[in-house]
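Here is how the chains run, residue by residue.
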Amino acid sequence: NAMHRWVEDNEDDVGLLLHVAEQMMSNLRPLPWSNEMERDLLGLSLIDSNSRNTMLDRLTEDDLFLGRHTALFKASGRMRKDGTPTEISAVVEWLKRAKRITQIGVLPALAEMINHAAMPSSVIYFCNQLAKLRIERELWTLTEDLFDKRSDIGVGNWLKFAKQRLQSLEEN
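Residues numbered from 1 in each chain as written. Predicted model: local features only at pLDDT ≥ 70, side-chain atom pairs only at ≥ 80, totals over all residues. Heavy atoms only, no water.

S.K.: Requested: an account of the overall build of the protein chain, with residues and values cited.
M.R.: Each helix and strand counted, the protein chain has 10 helices and zero strands in total. When the helices and strands of the protein chain are listed from N to C terminus, the series reads α-α-α-α-α-α-α-α-α-α. For the protein chain, the proportion of contacts with a sequence separation of at least 24, taken over those separated by at least 6, is 67%. Split by element, the accessible area of the protein chain, about 11,100 Å² in all, is 54% carbon and sulfur. (Helix = DSSP H or I, 4+ residues; strand = E, 2+ residues; numbered from the N terminus. Contact = heavy atoms within 4.5 Å. Areas by Shrake-Rupley, 256 points an atom, 1.4 Å probe, with all protein chains shown as cover.)

If you want it as structure tokens, here you go:
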């Protein structure tokens, strides 16, 4: 087979091509997150005030990946501060008054969250899993930053940069 002979004759070039292809494919890998877990936890927070409080106490907006989920998380914090009850009609009215309904999505999206709401007994588990996924996303971003910087700065500066970024992750 001509292709097989070409690969054998150009083994070094093929290895380089495979390495480049692997790097390109790794850049296409999605960041770790869970739409379902975010949706189910937020759905529960819309109907159960204890779960909403637990979620708000354990997570930050960075723990959520999707923009509409982050917007709803922020709105949940403001609703708690304002004393808005977790009845869905009160939540929808609050979101309309605050002009946040378009950030979060239309009412069917909220209804889907509520329909898939997690059980209150799983709130802490979901919070822990979402926090873990955030850390994985931060490590992924750190790895990409380190990969990008490797040829821009010397080895000593690169190691210093890596240590600084890891320390900032540990502090968070």
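Now that the structure has been shown, the text picks up again.
S.K.: Lay out helix α4 (residues 49-58) with the relevant residues and their values.
M.R.: Of all the residues in α4, the buried ones are Ser51, Arg52, Met55 and Leu56. The buried side chains of α4 occupy one side of the element, clustering within an arc of 130° when seen end-on. Opposite the packed face of α4, turned more than 90 degrees from it, sit the exposed residues Asn50 and Asp57. (Buried < 20%, exposed > 50% of the residue type's maximum accessible area, 1.4 Å probe, protein only. Arc of directions from axis to C-beta.)

S.K.: Break down the nonpolar core for me, citing the residues and quoting the values.
M.R.: Counting residues in each nonpolar core, the largest one holds 27 residues, and the members touching the most others are Leu41, Met55, Leu59, Leu72, Leu95, Leu110 and Leu130. Breaking this core down by element, the ones donating at least two residues are α3 (35-47), α4, α5 (67-82), α6 (88-97), α8 (107-115) and α9 (123-149). When residues of this core are assigned to their parent elements, the largest contribution, six residues, is made by α9. (Core = buried A, V, L, I, M, F, W, Y, C linked by side-chain atoms within 4.5 Å.)

S.K.: Quick rundown of α5? Include the residues and the values.
M.R.: Taking 1.5 Å of rise per residue, 16 residues should cover 22 Å, and α5 covers 22 Å from first to last C-alpha, within 8% of that figure. When we look at burial in α5, the residues that qualify are His69, Thr70, Ala71, Leu72, Phe73, Ala75, Ser76 and Met79. At the C-terminal side of α5, Gly83 shows a positive phi close to 80°. (Expected span 1.5 Å × (residues − 1).)

S.K.: I'd like a rundown of the packing of α4 against α5, residues and numbers included.
M.R.: Between α4 and α5, whose axes approach to 10 Å, the crossing angle comes to 115°. Between α4 and α5, the crossing angle belongs to the class labelled roughly perpendicular. The crossing of α4 and α5 is left-handed. Listed contacts from α5 to Arg52, Asn53, Met55, Leu56 and Asp57 of α4 are Phe73, Ser76, Gly77, Met79 and Arg80. Looking at the contact of α4 with α5, its residues break down into four nonpolar, three polar and three charged. (Axes fitted to C-alpha atoms, helices over the stretch in contact; angles between N-to-C directions. Parallel < 35°, antiparallel > 145°, perpendicular 65-115°, else oblique. Left-handed = near helix turned anticlockwise from the far one by under 90°. Nonpolar A, V, L, I, M, F, W, Y, C, P; charged D, E, K, R; others polar.)

S.K.: Outline the packing of aromatic side chains, listing residues and values.
M.R.: One pass over the full model with this rule turns up two aromatic pairs. For the pair Trp33 and Phe65, a centre-to-centre distance of 5.0 Å together with 25° between the ring planes defines the contact as stacked. Taken together, the residues Trp33 in the loop between α2 (11-28) and α3 and Phe65 in the loop between α4 and α5 connect sequence positions 32 residues apart. Classification of Trp33 by relative accessible area gives partly exposed; the value is 31%. (Phe/Tyr/Trp six-rings, centres within 6.5 Å; stacked < 30°, edge-to-face > 60°.)

S.K.: Kindly report on the pattern of salt bridges, identifying the contributing residues and their values.
M.R.: Throughout the structure, instances matching the rule amount to six salt bridges. Between Arg39 and Asp40 there is a salt bridge, and its shortest N-O distance comes to 2.9 Å. In terms of burial, Arg39 and Asp40 fall into one category: buried. One salt bridge connects Glu112 with Arg39, and the closest N-O pair in it is separated by 3.6 Å. Of this pair, Glu112 sits in helix α8 while Arg39 sits in helix α3; the two residues are 73 residues apart in sequence, bridging distant segments of the chain. With relative accessibility at 36%, the residue Glu112 sits in the partly exposed group. A relative accessible area of 12% means that Arg39 is categorised as buried. (Salt bridge = Lys/Arg side-chain N within 4 Å of Asp/Glu carboxyl O.)

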